[in-house]
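Commentary on secondary and tertiary structure
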Amino acid sequence: MASETEKKLTSDHWIVPASENNSTTNANSFTSSHWNVPKTAEDASLAEDGNCLAFAAKDKSGVLTPLRFNRRAVGSDDVAIKITHCGICYGDVLWSRDRFAGRTKYPFVPGHEIAGKIQEVGANVTRFKVGDHVGLGSYVNSCRDCEYCNQFLEYHCAKGVTLAHNGVDVDGTITKGGYSTFTVVHERYVFKIPDNYPLHFAAPLLCAGVCVYAPMKEHKMDQAGKSLGVIGLGGLGHMAVKFGKFWGLNVTVFSTTESKRDAALNELKADKFVLMSDISTLKTMVKSLDFIIDAAAEDHPLDPYILLLKAKGVYAVVGAPDEMKFSPLYIILGRTTIAGFAVDGTKITQEMFEFCAENKIYPMIETIPIQYAAEAHDRLLKKDVKFRFVIDIEKSLNGSVLQKETP
């Protein structure tokens, strides 16, 4: 019989540091030393006449309402980005509702899949000019001088990265995400989006895209004729299927949801669809896969899927549940590699944008106005999206939203 946890998989991801006073020791218990999170709720950027308009959660209810605040001035190495679109990640919901032991500092502006256009450049900026199409992901600063930053693996910065939201900016204010009209950031963390790649498609690549592209390239999952299993068909999972099919892999989708069968087989062109509760089919697939991308966010056992890997197979975890249980003997006997990935460095992210533009690989999205974001958060928790919400910031976030809020 399938376990209950095996039947409770979801299809997206985010991982956050645990509270400093949290005694849990599971895989998600990061300390705040890796992410530069604010130690106080005080935020000097808040102002009723601020230069930036956003939608923010004001408390743990996660309800999103308009907010004005001041973005910092553009420094000599900075660019200002007019935000046109922002993807909605599962992490936006969790941060907005403070699901991580009090780490969220309110008001909280979500959004780390940011696409837009350069509207101002600092005096020393050389990579961008006004009007360029650009993207900004989940981190906006790092030390730029450690072994990881020097390899363009900034997300692994030895001194900790600053997140696009709920981090500490260079001026001491709390960073605010992409559910807003514009942002200011050092040019190093900004990605050039090719002019032929639409910005509404570009936004989800900054998390859902790179989270699967990076491990697939790292572990050579681009070899035609090899076999790939994708667990969880959501924002990340559907991009893994798209990349896999482009590279000529034989792709099997594993899901808890029968309703995703048609999309998997007919729209994404996966070769096979298997319900995770179908134990009899799983037994017939032992030692049939070269790679697995696990994009499920809820707790589930690994053993049934590790057994599907051939000897020397690779199991890449990108979904980040609270706990993953497996039998070490299966890994030892199978010489299995288990790898973890989140968003990655600037070099591989830029490579991904160029790859997707050249090969016309696009995420499947549902575009919404900012006023619908809270409902989208609720739908995301119910796995009711195919496969990524993208907010049209440019068309829906302007002064009129404030007028609608006036009694």
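Everything in this summary refers to the structure shown in the same document. (Residues numbered from 1 in each chain as written. Predicted model: local features only at pLDDT ≥ 70, side-chain atom pairs only at ≥ 80, totals over all residues. Heavy atoms only, no water.)

1. Structural notes on the overall build of the chain
- Within the chain, the regular secondary structure consists of eleven helices and 17 strands.
- Burial status across the chain gives 58% buried among its 407 residues.
- Accessible surface computed for the chain: about 16,500 Å², of which carbon and sulfur atoms make up 50%. (Helix = DSSP H or I, 4+ residues; strand = E, 2+ residues; numbered from the N terminus. Buried < 20%, exposed > 50% of the residue type's maximum accessible area, 1.4 Å probe, protein only. Areas by Shrake-Rupley, 256 points an atom, 1.4 Å probe, with all protein chains shown as cover.)

2. Quick look at the environment of serine 61
- Of note, serine 61 is situated in the loop between strand 1 (52-57) and strand 2 (64-69).
- A sequence separation of 36 residues divides serine 61 from arginine 97, and the C-alpha atoms of the two residues are 5.7 Å apart.
- Side-chain polar atoms of serine 61 contact the side chain of aspartate 59, separated by 2.5 Å.
- Reaching out from serine 61, the side chain makes a polar contact with the backbone nitrogen of valine 63 at a distance of 3.3 Å. (Polar contact = N/O pair within 3.5 Å; in protein donor to acceptor, adjacent residues only side chain to side chain.)

3. As for empty space enclosed by the protein
- Within the structure shown, the criterion is met by four cavities of 30 Å³ or more.
- Considering only enclosed or pocket space, the largest cavity measures out at about 190 Å³ in volume.
- Along the walls of the largest cavity sit 19 residues, with Arg71, Asp169, Thr175, Lys176 and Thr183 positioned nearest its centre.
- Counting residues per element, the lining of the largest cavity draws most heavily on strand 8 (residues 182-186), which supplies three residues.
- Counted by class, the lining of the largest cavity contains eight nonpolar, six polar and five charged residues. (1 Å grid on protein atoms, 1.4 Å probe; cavity = no way out; pocket = protein on both sides within 12 Å on 5 of 7 lines; lining within 4 Å. Points joined across faces, edges and corners; volume = space filled by probe spheres on them. Nonpolar A, V, L, I, M, F, W, Y, C, P; charged D, E, K, R; others polar.)

4. A look at unusual backbone geometry
- Backbone torsion omega between tyrosine 106 and proline 107 reads 0 degrees, so that peptide bond is classified as cis.
- Structurally, proline 107 can be placed in the loop between helix 1 (90-96) and strand 4 (114-121).
- The amide bond that connects lysine 386 to the next residue, phenylalanine 387, takes the cis arrangement and shows omega of -10 degrees.
- Even without glycine at this site, lysine 312 takes up a positive phi of about 70 degrees.
- Here lysine 312 is to be found in strand 14 (residues 309-317).
- A positive phi angle, near 55 degrees, is found at lysine 360, a position not held by glycine.
- As for its placement among the helices and strands, lysine 360 is situated in the loop between helix 8 (346-359) and strand 16 (365-368).

5. Concerning the sheet that holds strand 11 (residues 250-255)
- In spatial order, the strands read 12-11-10-13-14-15; together these six strands make up an open sheet with parallel pairing. Each edge of the sheet is formed by a strand with only one pairing partner; in this case those strands are strand 12 (272-275) and strand 15 (337-340). Strand after strand, the sheet turns through a mean of 20 degrees between neighbouring axes, direction not considered.
- Bridge count between strand 14 and strand 15: four bridges; the pairing is parallel. Its bridge partner lying in strand 15, tyrosine 315 is registered against isoleucine 338.
- The strands touched by helix 3 (residues 235-246) are strand 10 (227-231), strand 11 and strand 13 (289-294); relative to strand 10, the strand with the most contacts, the crossing angle is about 170 degrees. (Pairing = 2+ DSSP bridges. Axes fitted to C-alpha atoms, helices over the stretch in contact; angles between N-to-C directions. Contact = heavy atoms within 4.5 Å.)

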